[in-house]
Protein chains: 2
Amino acid sequence: MHILVLGAAGMVGRKLSERLLRDGRLGKTDITAMTLQDVVAPAQPAKTGFPVNTVTCDFAVPGAAEKLVADRPDVIFHLAAIVSGEAELDFDKGYRINLDGTRMLLDAIRLVGGGYKPRIVFTSSIAVFGAPFPEAISDEFFHTPLLSYGTQKAIDELLLADYSRRGFMDGIGIRLPTICIRPGLPNKAASGFFSNILREPLAGKEAVLPVSEDVRHWHATPR
Amino acid sequence: MHILVLGAAGMVGRKLSERLLRDGRLGKTDITAMTLQDVVAPAQPAKTGFPVNTVTCDFAVPGAAEKLVADRPDVIFHLAAIVSGEAELDFDKGYRINLDGTRMLLDAIRLVGGGYKPRIVFTSSIAVFGAPFPEAISDEFFHTPLLSYGTQKAIDELLLADYSRRGFMDGIGIRLPTICIRPGLPNKAASGFFSNILREPLAGKEAVLPVSEDVRHWHATPR
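Residues numbered from 1 in each chain as written. Chains lettered and ligands numbered in written order. Predicted model: local features only at pLDDT ≥ 70, side-chain atom pairs only at ≥ 80, totals over all residues. Heavy atoms only, no water.

1. A few points about the interface of chain B and chain A
Chain B puts 29 residues into the contact, and the matching count from chain A is 29 residues. Overall, the association of chain B and chain A removes approximately 2,400 Å² of surface from exposure, summing both partners, and the carbon and sulfur fraction of that is 53%. Where Glu88 of chain A meets Arg166 of chain B, a salt bridge forms, and the shortest distance between an N and an O atom there is 3.4 Å. Among the elements of the structure, helix H3 (84–89), helix H4 (91–110) and helix H5 (148–165) of chain B are those that each provide at least two residues to the side of chain B that touches chain A. At nine residues, the largest contribution of residues to the side of chain B that touches chain A is made by H5 of chain B. The residue inventory of the side of chain B that touches chain A, partitioned by class, reads 15 nonpolar, three polar and 11 charged. (Contact = heavy atoms within 4.5 Å. Buried area = accessible area lost by both parts, 1.4 Å probe. Salt bridge = Lys/Arg side-chain N within 4 Å of Asp/Glu carboxyl O. Helix = DSSP H or I, 4+ residues; strand = E, 2+ residues; numbered from the N terminus. Nonpolar A, V, L, I, M, F, W, Y, C, P; charged D, E, K, R; others polar.)

Given below as structure tokens:
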């Protein structure tokens, strides 16, 4: 099984890649090759039991996706995205990466031909939802994103569902909450302060909570 | 007030244009000019109290939308679309017209500049919803389209909401049900048989109901 990870140098991408490399399999299937892609160079892992190829490129430029799927990876983890704060600040960039990039990827898969139908695991976001929220968000809670980032993720979900229904791929979207504690410097995620208020005091630094103390938010954290 | 109607030669576009031409105003504002666009030539109305320009072009080719909004129409009725059956049969054409075309239009409006912020009225569809349906569909019923057409319309709604939130336009989407009785020959709408089963017997022709007799569906009909 050949696995392609897009956005492999990000926080979630690194954790996922490390786990796949350590396990050497996904579910019950042995991994035979991995490709790690990101716009910044992904770390080349040492001592792997199978070939691991690292690719440094912008996946959202015309032609990039075609190259990434040309050798027909069986499973594609699509984690590549502009984060929420940046997508809100830079309208064109957000739509270019988060919508056009994803659509070019889905179209590249669709056009490989020869019955190619990979599993594609897409990281969506709870930003597809908009306040006010009920006590619990059910599977049928409607999508009224309040940011361009959430709009782009909601559109990607719709595309993924339609392309899967059409038989071009076997897609699944996972709506991730804020993943923390993010190591290193803050990124441009609008929810980045949730990492900051935990990480900075641990490092002896001051952190500012920019929202009311009674704000309730969804988190997940890797081991 | 200058009004632009995209898809002016279609059933809804013709009815809408006739009404606007007859009233000479929209709400309380006098119409001073109209532009009627379609991919087939819109009829040139006779004896109007203001200039009416007809444009025959594919609105979804690069550069077309820029020309259509260059003289800054105050209200844009965007009715141009590939219907459901055709969007399902021709994947690329459906996405090109219903998604790319709409997005190019919204981007053309966004990039006019100088504070241009038109009212845009977009005809969406009940196809943004997917069965099973509740007894009544509330404003918060979630969107799980079962066809590419509904997917494209749901994406357009998300774009319209985000572009309006950003202040690029004052957009509204209207989810039209099946509009019947459509005159003339059937088109490629998946729901076209709802017109057929009413129109054909009136013309002494046989019509086939392709669904179960207990199917319940939403209709509207112009006067």
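2. A few points about the sheet that holds strand E6 (residues 75–78) of chain A
Residue and element names in this part refer to chain A. The strand order E5-E4-E1-E6-E7-E8 describes an open sheet built from six strands, whose pairing is parallel. This sheet does not close on itself; its edge strands, each paired only once, are strand E5 (52–56) and strand E8 (170–176). Shown here is a sheet whose adjacent strand axes are inclined to one another by a mean of 15°, direction ignored. Taken together, the four bridges between E6 and strand E7 (residues 119–125) define a ladder with parallel strand orientation. Each bridged residue has a counterpart across the sheet, and for Val75 the counterpart in E7 is Arg119. Relative to the sheet, helix H5 (residues 148–165) contacts E7 and E8, its axis offset from that of E7 by approximately 155°. (Pairing = 2+ DSSP bridges. Axes fitted to C-alpha atoms, helices over the stretch in contact; angles between N-to-C directions.)

3. Here's the deal with the pattern of salt bridges
As enumerated under the stated definition, the model contains 28 salt bridges over all chains in all. Notably, a salt bridge pairs Glu135 of chain A with Arg216 of chain A, separated by 3.7 Å at the nearest N-O pair. Highlighted residues: Glu135 of chain A in the loop between E7 and H5 and Arg216 of chain A in the loop between helix H6 (193–202) and strand E10 (219–220), separated in sequence by 81 residues. The residues Glu135 of chain A and Arg216 of chain A share a single accessibility class, namely exposed. With a shortest N-O distance of 3.4 Å, Arg199 of chain A and Glu200 of chain A are connected by a salt bridge. With a relative accessible area of 11%, Arg199 of chain A lands in the buried category. Classification of Glu200 of chain A as buried rests on a relative accessible area of 14%. Because the salt bridges share partners, they merge into one network encompassing Glu88 of chain A together with Asp162, Arg165 and Arg166 of chain B. (Buried < 20%, exposed > 50% of the residue type's maximum accessible area, 1.4 Å probe, protein only.)

4. Observations regarding the packing of helix H4 (residues 91–110) of chain A against H5 of chain B
Relative to each other, H4 of chain A and H5 of chain B sit at 160°, their axes nearing to 13 Å. With respect to each other, H4 of chain A and H5 of chain B are oriented roughly antiparallel. Judged by the sense of rotation from one axis to the other, the crossing of H4 of chain A with H5 of chain B is right-handed. The residues of H5 of chain B that touch H4 of chain A, namely those facing Phe91, Tyr95 and Leu99 of chain A, are Leu159, Asp162 and Tyr163 of chain B. The class makeup of the residues in the contact of H4 of chain A with H5 of chain B is five nonpolar, no polar and one charged. (Parallel < 35°, antiparallel > 145°, perpendicular 65-115°, else oblique. Left-handed = near helix turned anticlockwise from the far one by under 90°.)

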